[in-house]
Every structure is written in structure tokens, then in C-alpha cells.
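Examination of the molecular architecture
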Amino acid sequence: MNKIALFFGIMLAVTAASAQAAPGADKSAASADALTKTVSGLDSELFDAFNHCDTPGELQKHAGYLAKRLEFYHDKGGVTWTRAAYLANTQKNVCGHFRRELVPGSLEIFPIKDFGAIEQGWHKFCDLKTDQCFGEAQFLIVWRHRAGKWEATRIFSYGHRAIVSK
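Keep in mind that this is a model prediction, so the values were computed, not measured.

Digging into the overall build of the protein
When you go through the protein residue by residue, the secondary structure sums to three helices and seven strands. Ordered by position from N to C terminus, the α and β elements of the protein give α-α-β-β-α-β-β-β-β-β. Looking at the protein as a whole, 33% of its 166 residues are labelled buried. When contacts within the protein are restricted to residue pairs at least 6 apart in sequence, those whose partners lie at least 24 apart make up 51%.

Below, the structure is given as C-alpha cells:
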């Protein structure tokens, strides 16, 4: 009889511990959901301005999401060390030429304690004149959150490849 009582006592303790852990898990899940919503929204806003950078004011709007000391790493184009240099390259090579599209279902967001978040996924690039997508690549963005503002501090675009028609 003591073994049965001990067994039920242990099961009761395990059940109680699980119940106590659940609210914290819910807070953690809610926090992750909020971060995902925030960063995916930032991605949409950042690249909406990027995709319309030939429209007056949109390149400056795009710049507003970028740290002044932005580092941009591109496997084909090399490294750009400042926001100003990145914007000059964007204006020359992107504006009026192509747009960026996030590949649906590819986005992942990871928190960085006391700093911000890492965003990673796949994106593709589509010609504005033909509306045909011609390339894709992986990307990673390091976002810093301070003083109530989010800004991209590092952007990586790598593994560029042509999109092969199926």
C-alpha cells in the first residue's frame, strides 16, 4: 500500500510541477510570437521601401531602418561598411531595376538576449520590367532594439543562385 501511495504522490508532484511550468511556457511562447510579429513587420516595411526606392522619399524611408554603421555582406558584391555606402549601391543597382520578395514560409526569427533578434530566410529577386524572378538567396539580418527603436546592424545576403524554371 505504501508503494501505491508513493507512486500517486510522485505522479501528483509531477503533475503539479508541469502545471506550474505551463504559465511560464505560455509567456515564452507569447513573447516569441510577439517578436516574430515585430520582426516580420520590420522586414515587410524595410523591403517595401527597398522595392519602391525609385519613388521619392522611399530610399530615405529604407535608410531609417538601418544603423548608421551598417555592415552589409554580399557573397557576390563584397562588404559594404556604412549605411551611406549601402544606400549609394542600392540607388545605383536596385532602384528601378528589381524588387525583393520574401519566399513564403522561409522566415525564422531568433531572440538575442538584451540586444534584439536575428532574422533569417530566403528571398528572391524579380525584374521590374518583365516581372520575372531571376535569382534567389539566403539572408540574415541582425536587428538591434534600443531606446524603443529597431534598426538593422548587419545584413547578409548569400548563396545567390539563378532560379531554374520547372
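Focus on unusual backbone geometry
The phi torsion at Asp131 lies on the positive side, around 65°, for a residue other than glycine. Turning to its location among the elements, Asp131 is positioned in the loop between β5 (116-127) and β6 (133-146). The phi torsion at Ala147 lies on the positive side, around 50°, for a residue other than glycine. Tracing the backbone through its elements, the reader meets Ala147 in the loop between β6 and β7 (149-162).

Let's talk about the pattern of salt bridges
Side-chain pairs of opposite charge can arise whenever the charged atoms involved come near each other. Counting across every chain of the model gives nine salt bridges. Salt-bridge contacts for Glu71 lead to Arg154; the nearest nitrogen and oxygen are separated by 3.1 Å. You can see Glu71 sitting in strand β1 (residues 66-74) and its partner Arg154 sitting in strand β7, a full 83 residues away along the chain. The class for Arg154 is partly exposed, based on a relative accessible area of 29%. A salt bridge links Glu151 to Arg146; the nearest nitrogen and oxygen atoms lie 3.6 Å apart. One salt-bridge network, in which partners are shared between bridges, spans Arg99, Glu101, Lys124 and Asp131.

Some remarks on the pairing of strand β4 (residues 108-112)
The pairing of β4 with β5 spans five bridges and is antiparallel. Residue pairing for β5: Pro111 is matched across the bridge by Ala117. The turn joining β4 and β5, which pair antiparallel and follow one another in sequence, is formed by three residues; a positive phi near 60° is taken by Asp114.

Describing the packing of aromatic side chains
Taken as a whole and judged by the stated rule, the model has seven aromatic pairs. With a centroid separation of 5.2 Å and 65° between ring planes, the pair formed by Phe72 and Tyr86 is classed as edge-to-face. Taken together, the residues span a long stretch of sequence, with Phe72 in strand β1 and Tyr86 in helix α3 (residues 83-93) at a distance of 14 residues. A single burial state applies to Phe72 and to Tyr86, both of which are buried.

Looking at the confidence of the model for the protein
Residues of the protein with pLDDT of at least 70 account for 84%, and the chain-wide mean is 88. This stretch, residues 4-23, has a pLDDT under 50; its non-local contacts, to residues over four places away or in other chains, come to zero contacts.

So, the state of the cysteines
One covalent bond between the sulfur atoms of two cysteine residues makes up a disulfide. As enumerated under the stated definition, the model contains two disulfides in all. Paired through a disulfide, Cys126 and Cys133 show a sulfur-sulfur distance of 1.9 Å. Judged by the torsion about the S-S bond (75°), the Cys126/Cys133 disulfide is right-handed. Looking at Cys133, the relative accessible area reads 26%, which means it is partly exposed. What links to what in the protein: the bonded cysteines, counted in sequence order, pair as 1-2, 3-4.

Thresholds, definitions, all that
- Residues numbered from 1 in each chain as written.
- Predicted model: local features only at pLDDT ≥ 70, side-chain atom pairs only at ≥ 80, totals over all residues.
- Heavy atoms only, no water.
- Helix = DSSP H or I, 4+ residues; strand = E, 2+ residues; numbered from the N terminus.
- Buried < 20%, exposed > 50% of the residue type's maximum accessible area, 1.4 Å probe, protein only.
- Contact = heavy atoms within 4.5 Å.
- Salt bridge = Lys/Arg side-chain N within 4 Å of Asp/Glu carboxyl O.
- Pairing = 2+ DSSP bridges.
- Phe/Tyr/Trp six-rings, centres within 6.5 Å; stacked < 30°, edge-to-face > 60°.
- pLDDT = per-residue confidence, 0-100.
- Disulfide = S-S within 2.5 Å.

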